[in-house]
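A look at the structure
This is what each chain is made of:
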Amino acid sequence: MNRLTRRIGDASARRPWVTIAAWVAALALVLPLAGLVGGSFVDDLVAPGSQSEKAMELLEERFPEASGGSAVAVFAVPEGERIDRHRPAVEAAVDRIAEVAHVATVTDPFATGTISPDGRIGFVQVAFDVPPMEVRPEQIDALGDAIEPVRGDGVVAELGGDAVFINAETPTSGAEAAGLLTALVILVVAFGTIVVALVPIALALVAVAAGLGSIVLLAHATDVSTAAPTIGAMIGFGVGIDYALFIVARCRENRAAGQDNSTALSNAMSSSGAAVLFAGGTVVVAMSALALTGLGFLTSIGLSTSLIVLFAVATALTLLPALLSLMGDRIHKGRRLRGLRTRRSKKPEDPEKTAWWRFAHRVSGRPWPYLLAGSAVLLALAIPALRMETGFPDAGNDATGTTHRRAYDLLAEGFGPGFNAPLLIVADLRSAGVDAEGIPELSRRIADVPGIASLGEPRVSAAGDTVVLPTLPTTAPADAATSDTLERVRDIVPGNVAVSGLTAMTDDLTRQLADTLPVFIAAIIVVSFLLLMLVFRSVAVPLKAAVMNLLSIGSAYGVVVAVFQWGWLGGLFNLHETMLIASPLPTIFFAVLFGLSMDYEVFLLSRVREEYDATGDPTESVARGMAVTGRVITSAALIMTVVFLSFVANPSPLVKMMGLGLATAIVLDATIVRMVLVPAAMALLGRAAWWLPRPLDRRLPRVAVESVASADVPPPPEPTPASTARIS
């Protein structure tokens, strides 16, 4: 692997302008092409094999007019007024809505009586002739234009319903730019020069731009979740900056050790470049594992994020050496900020004089107290995760600035919270079970179920073989009581009757995610264990990594539960109400964090292994490994934390939770795990940390990722049979 990354880096450095031109051409091709033929984003909220999916397929086949998407136009007037005073304006809006493309039917609130008891709020039911996931943004925009004139008449007019909520574009907060600016400041402090600090930012921007363009093109071929670009950009900015940072830092370290520019860059690409390739590969593997859930929208998030990470690795291995070769001595010297204290000596800093070295020895001198104290902190933070309650985000969780959230609130105010959680009871009269004569009795039985507010009139297909009973529960879509009501209904209906609708579909998704999460976690842990065992030729190191990653992930879960579900410190994150944890979050979060934490594991332990091969001292090797990587890993973690925290300002609940959870986990991983638990555990393990059974050592393939030591480190001795694979 080191030979591959060295050759790629050397080739890019020899022809820097050709490499840069190739990237410019790639962006010039991908971005305009994405604008011309790229698809739009949509959430495929179907749990394969679920009852709700089978019911929707039945409706699409036999009763398509009942399976189409729906929207609601809500009109409201202030307290003390009645909506019927504005009847001409509302009826004119109804006529304009009927002219929108793919609108099959639209109701008149004054004819159908869909007016709240106090007369303030009324709604228009809009039915499309296509499924909700196929309603295009332009149709939603046209509905907005149709109701806009009513607002001039002093009426509040908002759009809601399944089709509007599903197809709403995820807004950005603008805080992402502030996160990048803060990352730039951190890089300036770390490197002491603005020019060098700009390089990782520029590479991250190129990687994310190319990745987002590719995701738009991917959306042309398959369904891609609306959350995929935001999550992909979040991860892309973090890893893009970090990967460049690790290589630049190693190159500067080599230059400080007396190597010339080309040698320093070549050695950095051989060592840290190989680590970047391996680390990026682990992130891609972890994100691709989302396909194991069998859910289309999670698979699309995994593939989209993997695309951006691959671009981040590609820019670090090709574009970065091209830029560094053009910069020459400026990578080591550069123009420093006036008043910023930086180390100007060209001699490498003695690891034994760093705070990292001293702290590592302090921990290894008393490993048990530090190990127990660090573990206790992580376990205490993880306690709230035991009470985690998951549910799929609904319109009531979105920002109040969105029209579908305001429509949701108005409908709940005027008609009860269950109005936003409609269910469709679908009866297949061709199958054994209830027949046409039994539908009235079935309706009465369902109406008597606790938690059911009302049933609408039965709708019968043209062929008379399918019946739909519109049903409203008494509670909101994401309320746990609604899930219980759904189960009670399913328990009493015969075999040829199924429950569907968006509320039932998302509930089935939540259940499937809960069922597949243990399998998903086990698969990622096993694969990562094998990869680390292959690279480090050790059993204890990958086992330790898996346990510590689980601790940091559990702690981050606990913090998210405490903030979002329990409301602790909610005001600090602009949260005005508690909410369930978004059911896709634990799965996405585990994949992302496990991949990212492996980055730090590889970068730290590769240097520790390098020092161990040079000295044979397990305690000193950990201290020296921390000494030479501590500042870089801390800077990288701080940058990633800032980038993730910037997404907490995003209006999307899923993105907001992801941002806070990932930022928390990275902080814990870079401090308690890497600075306390790792040296304590390695001190207790001693030489056993690098033990691999001889039968395994003989059978496992050897990964040729030999690290290149810096010039200030004496050449390592001939490796032992259990220590031939190293990465740095």
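Residues numbered from 1 in each chain as written. Predicted model: local features only at pLDDT ≥ 70, side-chain atom pairs only at ≥ 80, totals over all residues. Heavy atoms only, no water.

1. Notes on the overall build of the protein chain
So the rule is basically this: The helix count covers DSSP runs of H or I at least four residues long, the strand count covers runs of E at least two residues long, and both are numbered beginning at the N terminus. With the radius of gyration taken over C-alpha atoms, the globule rule is written as 2.2 Å times the number of residues to the power 0.38. The rule is simple: take the accessible area with a 1.4 Å probe, protein chains only, and divide by the maximum for that residue type; under 20% is buried, over 50% is exposed, in between is partly exposed.
Across its full length, the protein chain carries 24 helices and 11 strands. Taking 27 Å as the expected radius of gyration for a compact globule of 728 residues, we find that the protein chain reaches 29 Å, a close match to that expectation. Oriented by its inertia axes, the alpha-carbon framework of the protein chain measures out at about 85 × 50 × 45 Å. Expressed as a percentage of its 728 residues, the buried residues of the protein chain come to 58%.

2. Considerations on the packing of aromatic side chains
The way to describe two aromatic rings as a pair is by their centre distance and the angle between their planes. Quick reminder of the rule: Working definition: a ring pair exists when centres of Phe, Tyr or Trp rings (six-membered ring for Trp) sit within 6.5 Å. Plane angles under 30 degrees give stacked, over 60 give edge-to-face, the rest tilted.
Considering all chains together, one arrives at 13 aromatic pairs under this definition. Centroid distance Phe520 to Phe590: 6.4 Å. Interplanar angle 70°. Geometry classified as edge-to-face. With Phe520 in helix α19 (residues 502-536) and Phe590 in helix α21 (residues 585-615), this pair connects stretches of sequence that are 70 residues apart.

3. Examining α19
For clarity, the threshold we go by: The length a helix should cover is 1.5 Å for every residue beyond the first. Given a residue, its bend is the angle between the two axes fitted to the seven residues that end at it and to the seven that start from it.
Over its 35 residues, α19 runs 48 Å from end to end, which matches the ideal 51 Å to within 8%, given 1.5 Å per residue. For α19, the principal kink sits at Thr516 and spans about 40°; a proline, Pro518, occurs within the next four residues.

4. Structural notes on empty space enclosed by the protein
As a reminder of what qualifies: Buriedness for pockets is judged along seven lines, at least five of which must meet protein on both sides within 12 Å for an open set on the 1 Å grid over protein atoms alone, while cavities are sets there where a 1.4 Å probe fits but cannot get out, and lining residues have an atom within 4 Å of a point. Grid points are joined across faces, edges and corners, and a volume is the space filled by probe spheres set on the points.
Using the criterion set out here, one finds 1 cavity of 30 Å³ or more in the structure. The volume enclosed by the largest cavity comes to roughly 80 Å³. For the largest cavity, the full set of lining residues is Trp356, Leu604, Met626, Thr629, Gly630, Ile633, Thr634, Ala670, Arg674 and Met675. Of all the secondary-structure elements, those providing two or more residues to the lining of the largest cavity are α22 (618-646) and α23 (653-685). When residues in the lining of the largest cavity are grouped by element, the largest group, 5 residues, is from α22.

5. Notes on the pairing of strand β10 (residues 497-500)
Heads up, the rule is: Only strands that DSSP links by at least two bridges are regarded as paired with each other.
Of the two faces of β10, the one carrying Val497 and Val499 and the one carrying Ala498 and Ser500 are both buried. Examined bridge by bridge, strand β6 (residues 423-428) and β10 share 4 bridges and lie antiparallel to one another. Considered in β10, the bridge of Ala427 is made with Val497.

6. Describing the nonpolar core
As a reminder of what qualifies: Here the nonpolar core consists of buried residues drawn from Ala, Val, Leu, Ile, Met, Phe, Trp, Tyr and Cys, with membership extended through side-chain atoms lying within 4.5 Å. Note on definitions: a residue-residue contact is assigned when non-hydrogen atoms from the two residues lie within 4.5 Å.
Judged by nonpolar contacts, the single largest core of 174 residues is most densely connected at Phe589 and Met658. If one sorts the elements of this core by residue count, α23 sits on top with 19 residues. Contacts of Met658, omitting those with residues within four sequence positions, involve Ile231, Met234, Leu585, Ile588, Phe589 and Val592.

7. Some points on the confidence of the model for the protein chain
We apply this condition: For every residue, the predictor reports its confidence as pLDDT, a number between 0 and 100.
Considering every residue of the protein chain, the mean pLDDT works out to 86; 92% of them sit at 70 or more. Ranking the helices and strands of the protein chain by mean pLDDT puts helix α15 (residues 367-382) first, with 96, and helix α9 (residues 175-191) last, with 77. A low-confidence stretch, residues 704-728 stays under pLDDT 50, and its non-local contacts, those more than four residues away or across chains, total 80 contacts.

8. Some words on the packing of α21 against α22
The following threshold applies: Axes here mean lines fitted to C-alpha atoms, for a helix over just the part in contact, with angles spanning 0 to 180 degrees between N-to-C directions. Any angle that falls under 35 degrees is termed roughly parallel, while one over 145 is termed roughly antiparallel, one within 65 to 115 roughly perpendicular, and all others oblique. In this scheme, a crossing is called left-handed if the near helix is turned counterclockwise away from the far one by less than a right angle; it is called right-handed if the turn is clockwise. Classification used: nonpolar for Ala, Val, Leu, Ile, Met, Phe, Trp, Tyr, Cys and Pro, charged for Asp, Glu, Lys and Arg, polar for all others including Gly.
Closest axis-to-axis distance for the α21/α22 pair is 8 Å, and the angle between their directions is 160°. What the angle tells us is that α21 and α22 run roughly antiparallel. Handedness of the crossing formed by α21 with α22: right-handed. In terms of residue class, the contact of α21 with α22 is made up of 15 nonpolar, 4 polar and 3 charged.

9. Re the sheet that holds strand β1 (residues 70-76)
Read across the sheet, 4 strands follow the order β2-β3-β1-β4 without closing on themselves; strand pairing throughout is antiparallel. If you trace the sheet from one side to the other, it starts and ends with β2 (103-106) and β4 (156-160), each paired once. Between one strand axis and the next, the sheet turns by 20° as a mean value, whatever way the strands run. Strand direction decides the pairing type here: β2 and strand β3 (residues 121-128), joined by 3 bridges, are antiparallel. Of the residues in β3, the one forming a bridge with Val103 is Phe128. Strands β1, β2 and β3 of the sheet are contacted by helix α5 (residues 87-98), whose axis makes an angle of about 155° with β2. Taken strand by strand, helix α7 (residues 137-151) contacts β1, β2, β3 and β4, and its axis lies near 165° from that of β4.

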